[in-house]
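Observations on the three-dimensional arrangement
Letter by letter, the chains look like this.
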Amino acid sequence: MFSKRYRFLIAALLFIAGIINYMDRAALGVAAPFVKQDLNLSPSELGVIFSTFFFGYALFAFVGGQLADRYGPRSVYTWAATSWSVLCMLTGAVTGFAQMFVVRALFGFAEGPMNSTTNRTITTWFPREETARTIGVTFSGQTVGSAIAAPVVGLLAIQYGWRVAFVAIGAVGLLWVVAWRIFMTDRPRDNPRVSAEEIELVERSRAVSHLAASDHERSLRGYLFLPSTLSLGLGMFAVNYTLYIFLSWLPSYLTDALHMPVQQMAFVASIPWACGFVGYVGGGIVADLLYKRMDDKLAARKITTIVPLAIAGIALITVNAAPNAPTAVALIALAVLMLTSSVQSCWATIHELVPEARVGGVSGFVHLLSNISGIIGPTATGFAVQYLGGYASAFVIAAVIAAAGVVAMAVFVKRPHDPQAASPLNAVKTA
């Protein structure tokens, strides 16, 4: 099945990693009604715990990308997935706010390298023309994990208690690590299962650069503070701000604001994430089709990043005017679909701005900037719910941030040098 397409097996492993990662991450949001009662947490305390995860997550998004460039994604993913799985299991043992605070902070450190390491893996395992749809497919596992978390964790918590739910889903990650170690190598050329034809396909595509020759000499630090890099960080910040609000607070929104019973919430909460799966996969396909048809490759990536983010912002504003629960859920689902469609193109845009040797580090830095939203968003939402009259103000803030991301990427995302100066390179230089 994978004789000439072994890279698809690697994509499948990355897809499954996304499922496990986000199922583990979303579990606390799903179990929040039980955890809040059991540990006697206020909405603002719960918001602080949600945000605590992102302090370590944002930092190690950057560090993990650098480590993937230096040591390879096989090793980085191994220790990251092992660590987050063990910490997920330990979540089931906490007895109060302080312990939960510490475990969630460490959990964030462990999960931080995932997306930048995935992007680094795609850089070396897939042709440039398959980048967006591969990112879309592999990252879609994250929405599948979020969707699965709602019924799986919800039903396990109802039947056996929320502590058992964390232990069960954490154990699944350790099984994935075994498969990763067996089938993955850092490069196709290092894997005896990969055909010479597939190796040649990938290396020929990646040897062509749309950057100016001088850009391959630029240091990592030289890339980090370019306007294009910072603007991508703001754009992904805008996307993640809302996704993280939904990841943390959607179950509570459904039960508290829309007055759904827990059993109904466990299934309704999966609907937006199912739409997010469509956004990742469908958005990636559309993005690569446009990429092939347009001469300006960077413009193709920008269009499929900016337009969906703008639509998502409009949907968020409209949620507050929804006349009933089904309409509100449908608008949230539309927002998630558009946000996931936007984020995979944002990741793909990095490939157009950065040489292969810098993709992990720059991806990690963009991911760090974007995940500051995880520190701010869940806590801000908790305080809005408790002190500012509910969820409506939180949706308005998210829409304003989406608009800022649209403007920043439209204006400032440009190549470091004139693309006319770019030329095909037979080898990518590394500093």
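Structure first, text after, so check above.
The following paragraphs examine the structure supplied in this document. (Residues numbered from 1 in each chain as written. Predicted model: local features only at pLDDT ≥ 70, side-chain atom pairs only at ≥ 80, totals over all residues. Heavy atoms only, no water.)

A word on the overall build of the protein. On a plain count of helices and strands, the protein comes out with 16 helices and zero strands. Projected onto the principal axes, the alpha-carbon positions of the protein cover approximately 60 × 45 × 35 Å. Of all 431 residues assigned to the protein, the portion counted as buried reaches 60%. Long-range contacts, defined here as pairs at least 24 residues apart, represent 86% of the contacts in the protein between residues at least 6 apart. In the form shown here, the protein has an accessible surface area of approximately 15900 Å², with 67% of it arising from carbon and sulfur atoms. Between the mean site of the 29 positive side-chain charges and the mean site of the 22 negative ones, the protein shows a separation of 1 Å. (Helix = DSSP H or I, 4+ residues; strand = E, 2+ residues; numbered from the N terminus. Buried < 20%, exposed > 50% of the residue type's maximum accessible area, 1.4 Å probe, protein only. Contact = heavy atoms within 4.5 Å. Areas by Shrake-Rupley, 256 points an atom, 1.4 Å probe, with all protein chains shown as cover. Lys, Arg positive; Asp, Glu negative; His and termini not counted. Charge placed at Lys NZ, Arg CZ, Asp CG, Glu CD.)

Turning our eyes to something else, we now look at unusual backbone geometry. With a phi close to 55°, Asn40 is a non-glycine residue in the positive phi region. Within the element layout of this structure, Asn40 appears in the loop between α1 (6-38) and α2 (43-71). Classification of Asn40 by relative accessible area gives exposed; the value is 68%. For His259, which is not glycine, the phi dihedral falls at a positive 60°. Relative to the helices and strands, His259 is located in the loop between α10 (227-256) and α11 (262-268).

All right, on to a nonpolar patch on the surface then. Together, Phe97, Phe101, Val102 and Leu106 make up a nonpolar patch on the protein surface, roughly 330 Å² of accessible area in all. By secondary structure assignment, the location of Phe97 is in helix α4 (residues 97-111). With relative accessibility at 31%, the residue Phe97 sits in the partly exposed group. (Patch = residues over 30% accessible without salt bridge, like charges linked within 9 Å, V, L, I, M, F, W, Y side chains within 5 Å. Salt bridge = Lys/Arg side-chain N within 4 Å of Asp/Glu carboxyl O.)

Glancing now at the packing of α1 against α10. Two numbers describe how α1 lies on α10: the axes approach to 9 Å, and their chain directions differ by 30°. Taken as axis vectors, α1 and α10 run roughly parallel relative to one another. Here the hand of the crossing between α1 and α10 comes out right-handed. Only Tyr244, Leu247, Ser248, Pro251, Ser252 and Asp256 of α10 make contact with α1, whose side of the interface consists of Tyr22, Arg25, Ala26, Gly29, Val30, Ala32 and Lys36. For the contact of α1 with α10, a count of residues per class yields seven nonpolar, three polar and three charged. (Axes fitted to C-alpha atoms, helices over the stretch in contact; angles between N-to-C directions. Parallel < 35°, antiparallel > 145°, perpendicular 65-115°, else oblique. Left-handed = near helix turned anticlockwise from the far one by under 90°. Nonpolar A, V, L, I, M, F, W, Y, C, P; charged D, E, K, R; others polar.)

Turning to the environment of Ile122, a few remarks are in order. Relative to the helices and strands, Ile122 is located in helix α5 (residues 114-125). Spatially, the C-alpha atom of Ile122 lies 10.0 Å from that of Ala348, the residues being 226 residues apart in sequence. Excluding residues within four positions of it along the chain, Ile122 makes contact with Leu14, Thr134, Ile135, Thr138, Arg206 and His351.

Applying the stated rule across the entire model yields nine salt bridges. Among the salt bridges present, the one from Arg163 reaches Asp38, with a minimum N-O distance of 3.4 Å. Taken together, the residues Arg163 in helix α7 (residues 162-183) and Asp38 in helix α1 connect sequence positions 125 residues apart. Relative accessible area serves as the criterion here: at 44%, Asp38 is assigned to the partly exposed category. Its salt-bridge partner being Arg189, residue Glu203 comes within 2.8 Å of it at the nearest N-O pair. One end of the pair, Glu203, is in helix α8 (residues 196-206); the other, Arg189, is in the loop between α7 and α8, and 14 residues separate them in sequence. The structure contains a network of salt bridges with shared partners spanning Arg7, Glu130 and Glu198.

With 125 residues, the main nonpolar core has Trp84, Trp176, Phe246, Tyr253 and Leu254 as its most contacted residues. Broken down by element, this core gets its largest block of residues, 17 residues, from α1. For Phe246, the residues in contact, after removing those within four places along its chain, are Pro251, Trp273, Leu316, Ile332, Val336 and Phe395. (Core = buried A, V, L, I, M, F, W, Y, C linked by side-chain atoms within 4.5 Å.)

Spanning 29 residues, α2 covers 41 Å between terminal C-alpha atoms, matching the ideal 42 Å at 1.5 Å per step. At Phe60, α2 shows its largest bend, some 30°. (Expected span 1.5 Å × (residues − 1). Bend = angle between axes of the 7 residues up to and from the residue.)

Further remarks concern the side chain of His367. Assignment of secondary structure puts His367 in helix α15 (residues 359-387). Within the structure, the side chain of His367 is placed 3.5 Å from the side chain of Tyr57, a separation counted as a polar contact. Not counting chain neighbours up to four residues away, the residues in contact with His367 comprise Tyr57, Ala61, Gly112, Asn115, Ser116, Tyr244 and Trp347. (Polar contact = N/O pair within 3.5 Å; in protein donor to acceptor, adjacent residues only side chain to side chain.)

Right, let's talk about the packing of helix α6 (residues 131-160) against helix α14 (residues 325-353) for a bit. Running from N to C, α6 and α14 cross one another at 135°; their axes reach a closest spacing of 9 Å. Relative to α14, α6 is oriented oblique. Read as a crossing pair, α6 and α14 show a hand that is right-handed. Mapping the contact onto sequence places Thr131, Ala132, Ile135, Gly136, Phe139 and Thr143 in α6 and Thr340, Gln344, Trp347, Ala348 and His351 in α14. By residue class, the composition of the contact of α6 with α14 is five nonpolar, six polar and no charged.

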